[in-house]
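Structural overview for review
Chain residues, written in single-letter form:
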Amino acid sequence: MKSPSAAAALNQVDDASGVIGVVDRHRRLLSILVGVVLVVFAGVLLGSGGFYTSLVEDILIYAIAAMGLDFLGGYGGLVSLGQAGFIGLGAYGIAVPEAHGFGPWTSIGIALVVVAATAAVTGIVAIRVTGISFVIITLAIGQILWGLAYRWVSLSGGDNGLVISGFPKLGPLDLTNPQVLAFVILAVFVVVALVLRTLVSSPFGLSMLGIRSNEQRLRTLGYRTGLHRYLAYIIASIVGGVAGILYAFSNNLISPTTMDFSHNGIITLMAVLGGLRSLWGPVLGALIITLIQQELSIYVSRWQMLMGAVFVVVVVFTPDGLWGLMRQGTAALRRRRARAGPGDAARPDAAGTEAGTGQSSATESSESGVR
Amino acid sequence: MPEFISQTLNGLSLAGIMFLVSSGFTLVFGVMRVTNLSHGAVYLLGGYVAYSVIAYKGNFFYGLLAGTVAMAAFGLLLEGTLIRRMRGRPMAELLATLGLVYIIDDACLVLWGGNPLSLRLPGALEGSSNIPVGQITYPNGRLFILGVAVVVGIALFFLLRRTRVGAVVRAGVDDRNMVSALGINVRRVFTAVFVLGAALAGLGGVLGGTIFSLYPGGDSDILTYALVVVVVGGLGSYEGAILGSLIVGLIDNYGQAYFPSLAYFALFAPLVAILLVRPQGLLGRAAT
Amino acid sequence: MSMGAHETPARQDGQAALRMTKLGRRFGGIDAVKDVSLAVPKGSRFGVIGPNGAGKTTMFNLLSGELRPTSGRVELFGRNITRLAPNRRVALGLGRTYQITRVFRDLTVLENITLAVHGLRKSKLSMLRPWRSYSTAVEEAANVASTFGLGERLNITAEELSHGEVRELEVLLTLAQKPEVLLLDEPAAGLSPAERVGIRALLRSLPRELTLVMIEHDMDVLRDVVEHVAVLHFGELVMQGTVAEVQEDATVQELYLGKPKVAES
Ligand SMILES: Nc1ncnc2c1ncn2[C@@H]1O[C@H](COP(=O)(O)OP(=O)(O)OP(=O)(O)O)[C@@H](O)[C@H]1O
Ligand SMILES: [Mg+2]
């Protein structure tokens, strides 16, 4: 039912963003470019082998987990303090079956099932509450998972943890080769990022924004918001589990420490420090905190204190994290530029290409859905 | 039977420590809507301070006093700087106190090292006494903890129920708008409650240090206990903290004594049950 | 207008769109709504007035399902919906707005209305494509906005809108779901006469076939839109009639003159 007034209305969309439309398009190009450069850079470091390989692998793995957390916390307003628990679950999901003689591929399948099932069960409890209580419950769930790993010695090896013995192999894709493993991790990171990007801009993602904004009203608009929160919790947990599977193969060892309170907190720190409600934010946060942890700790023995202090300062002064700060910065710059040159030559061009293609502008701005 | 009685007493003294820690947490949340995730770290710091003072002065009670007062002062500092800056942003407050955990923990690691430290009880408290009921011998130290918890519990109860200050605090829990409307200095009440909460955590740390010992990571263990207690009892409810401590303390202790392999689940069983049946907690109010 | 998303209940002509029978709700010892019996014919436009605390909003909550009545029943197109969950009532074509606006403040106008459009469809759970690529839904949302006056504000977040525009958005969220019966709770509350221009225009342009019940203190706004007025006082229906009849009624004048008309809190 494409009525003329609807088309007109959508053109309004274009007009509203017309001034900055072209800049926006360049920005999109820019952000794709930045993404590609980052991936290539990561690829080069990964290919180099040695210390930097494992550093980049850690960054990517934690970035995946933090992005999952952001999907739930940034978009749905449900900040979790139990994400490391699912990293651990994914990793033990590999280690335990392998210790019992299962092959690596079967173990991956088992890990995914265990993660999904655990998320489905704990989710029933977790979605009973929102806001602060949700943080507390997920913290408790994280502690349960940690406690299990720590005390179920016969299964988990207790404090010593378990060694990963088998690595999946599929034709040339041989994960015993560290180079190959590194690129597989990079590939999984890219795939997860794309999947989450699609998710957050989908109608379901929009409903998460609605839940964060005003859950009660969303309910009276016909949404079963509990179901939406439940699904989002499961998705975020599975993403954490995927990070855990990669962690297992990258680290060769899983012990309870990986999922203790401190590590649960660190993933939340990453997502918040970088900036919730943008998928780049958690990546940035994972980068910074992993660097502090592994690089700076060589020179500064009190890196934890430093990390805590940096985090507190960021939370106090920039509610939207570092990525939010950068966006504010560029937005201010754009406004200044727009004011300086109202006769921007690119403008008619913008109107020309965007007129009548409301949809293209729609996807255009959905780009900012990945805020 | 004697075994059961001494396990019950163990559970009660555990509940006593949980109560000291969780009542502070829940009061701060109830009055200020601040979720202080560094509450466990304050507990640990209080215990460590006591350890040093005891080592220096040779008297447990100086340590008890020092741990409590030092954490009260720390609370004053924290409230006056970080917390006040962030008023009205509950999630940011929660996250900032999470960052604080790493700072405090690391500081403790620098100052007191990574090995577990125990607080030794003085003289008579170190021994045991015969308890007429069931004819058992029971450590005085645990009875002391239980006694302190009961005294503090009753004192707080009267403070909250019977005094004007308490009325204000309770009104804050029940109806925040009314407090402001009454022209009461909300800011001062906030500061007082936060300081009280930190002092209780410090006191809990000193007493807890006599049973559990103090070690890096001990803060998250106690924080988990406190959080389970307040969720079970009802976030922000003082009576809920008492009830929750009793339930969680007893269940946890019986679990460890009789079903050691299930102990960890025993702790969380009441949590799960409550969330499914009554998400706002036993004595909590629906919707915050 | 009334096609599409909702299940259409069986109905006969001439039947009341909405019928309350001895509807009541007690809070503690107080009857917030007491023994209200009122039939709203299909396509009619009812105003509900009454002093502050008369029970108007409570009555709406009973109709929309956000509160359960302590007595009496509610029918929608002849179907008993007294105990039906709120989201089921929305699906049956009963929409409402709130006295205290409940829009999604940090989302744009387009996002706000699109959420509403998806609300009654399965697509609200879809995860595979950007919501902006669901062109029917987006166009529909844009269409609703432009028809009722927010067409130029699509990409503005709700918190950047003026008070009056937020009021309009509040109504649009519900209108986007194409309700057959619309309950408006003081749609102009808190607005100065100058700020009311937009919302009054919106109310005047509501589709004619819509059955409308509107709580409103402002007689001028009421006269714009409704034909009949029901008067609530202490939870009870004290009279109903045409706008003119009610305005001239002595008891009503007393009600409002005894306690001077309050614009709204
Ligand atoms: N959830 C509730 N619990 C207890 N009492 C309530 C509740 N909701 C409403 N009331 C009481 O019911 C009465 C009617 O309130 P209601 O909000 O329906 O009035 P109203 O006619 O909409 O008033 P206004 O013009 O101010 O909007 C009031 O006395 C109010 O205090
Ligand atoms: Mg009302």
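Going by the structure above, here's the rest.
Presented here is a report on the structure given in the accompanying data block.

Reading guide: rules and limits
Residues numbered from 1 in each chain as written. Chains lettered and ligands numbered in written order. Predicted model: local features only at pLDDT ≥ 70, side-chain atom pairs only at ≥ 80, totals over all residues. Heavy atoms only, no water. Donors = N, O, S within 2.8 Å, 3.2 Å for Na, K, Ca; no water. Helix = DSSP H or I, 4+ residues; strand = E, 2+ residues; numbered from the N terminus. Core = buried A, V, L, I, M, F, W, Y, C linked by side-chain atoms within 4.5 Å. Buried < 20%, exposed > 50% of the residue type's maximum accessible area, 1.4 Å probe, protein only. 1 Å grid on protein atoms, 1.4 Å probe; cavity = no way out; pocket = protein on both sides within 12 Å on 5 of 7 lines; lining within 4 Å. Points joined across faces, edges and corners; volume = space filled by probe spheres on them. Nonpolar A, V, L, I, M, F, W, Y, C, P; charged D, E, K, R; others polar. Near = heavy atom within 4 Å. Polar contact = N/O pair within 3.5 Å; in protein donor to acceptor, adjacent residues only side chain to side chain. Areas by Shrake-Rupley, 256 points an atom, 1.4 Å probe, with all protein chains shown as cover. Contact = heavy atoms within 4.5 Å. Buried area = accessible area lost by both parts, 1.4 Å probe.

A word on the coordination of the magnesium ion (ligand 2). Binding of the magnesium ion (ligand 2) to the protein goes through T57(C) (OG1) and Q99(C) (OE1), at separations of 1.9 to 2.1 Å. Of the two residues, T57(C) is situated in helix 1 (residues 56–64) and Q99(C) in the loop between strand 6 (94–96) and helix 3 (109–119); the sequence distance between them amounts to 42 residues.

Glancing now at the nonpolar core. Among the nonpolar cores identified, the biggest contains 243 residues, and F71(A), I137(A), F249(A), I49(C), I113(C), L175(C) and L206(C) are the most heavily contacted of them. Grouped together as the second largest cluster of nonpolar side chains are 29 residues, L23(C), F60(C), V74(C) and A230(C) included.

Another point: empty space enclosed by the protein. Evaluation of the coordinates by the stated rule reveals 7 cavities of 30 Å³ or more. Counted as a void, the largest cavity has a volume near 120 Å³. Around the largest cavity, the lining comprises 14 residues; the ones closest to its centre are T220(A), V90(C), L94(C), G95(C) and R96(C). Residues that form the lining of the largest cavity fall into these classes: 5 nonpolar, 5 polar and 4 charged.

Let us look at the layout of surface pockets. When its volume is computed, the second largest pocket comes out at roughly 940 Å³. Around the second largest pocket, the lining is made up of 40 residues, and of these P216(B), G217(B), G218(B), S220(B) and D221(B) lie nearest the centre. Going through the elements one at a time, helix 5 (131–151), helix 10 (261–274) and helix 12 (303–317) of chain A together with helix 2 (39–57), helix 4 (90–112), helix 10 (218–233), helix 11 (238–258) and helix 12 (263–277) of chain B are the ones with two or more residues in the lining of the second largest pocket. Among the elements that take part in the lining of the second largest pocket, helix 10 of chain B stands out by supplying 7 residues, more than any other. Its residues placed into classes, the lining of the second largest pocket shows 20 nonpolar, 12 polar and 8 charged.

To continue, consider the site of ligand 1. Residues and elements named next belong to chain C. Close to ligand 1 lie F27, A32, N52, G53, A54, G55, K56, T57, T58, Q99, E186 and H217. One nitrogen or oxygen atom from the side chain of N52 is found 3.0 Å from an oxygen atom belonging to ligand 1. Within the side chain of E186, a nitrogen or oxygen atom sits 3.4 Å from an oxygen atom of ligand 1. Across the complex, the protein chains shield 60% of the 640 Å² of accessible surface that ligand 1 would expose by itself. Its residues placed into classes, the shell around ligand 1 shows 3 nonpolar, 7 polar and 2 charged.

What follows concerns the interface of chain C and chain A. Taken together, the 45 residues of chain C in the interface contact 43 residues of chain A. Summed over both partners, the interface of chain C with chain A buries about 3700 Å², with 62% contributed by carbon and sulfur atoms. When the buried surface of chain C facing chain A is broken down by residue, M127(C), R132(C) and E139(C) rank first, second and third, together holding 18% of it. Seen at the junction of chain C and chain A, the total is 13 residue pairs in polar contact (both at pLDDT 80 or more). Contributions of two or more residues to the side of chain C that touches chain A are made by helix 2 (86–91), helix 3, helix 4 (135–147) and helix 5 (163–175) of chain C. With 7 residues, helix 4 of chain C is the largest single contributor of residues to the side of chain C that touches chain A.

Taken by themselves, the reported measurements are silent on function.
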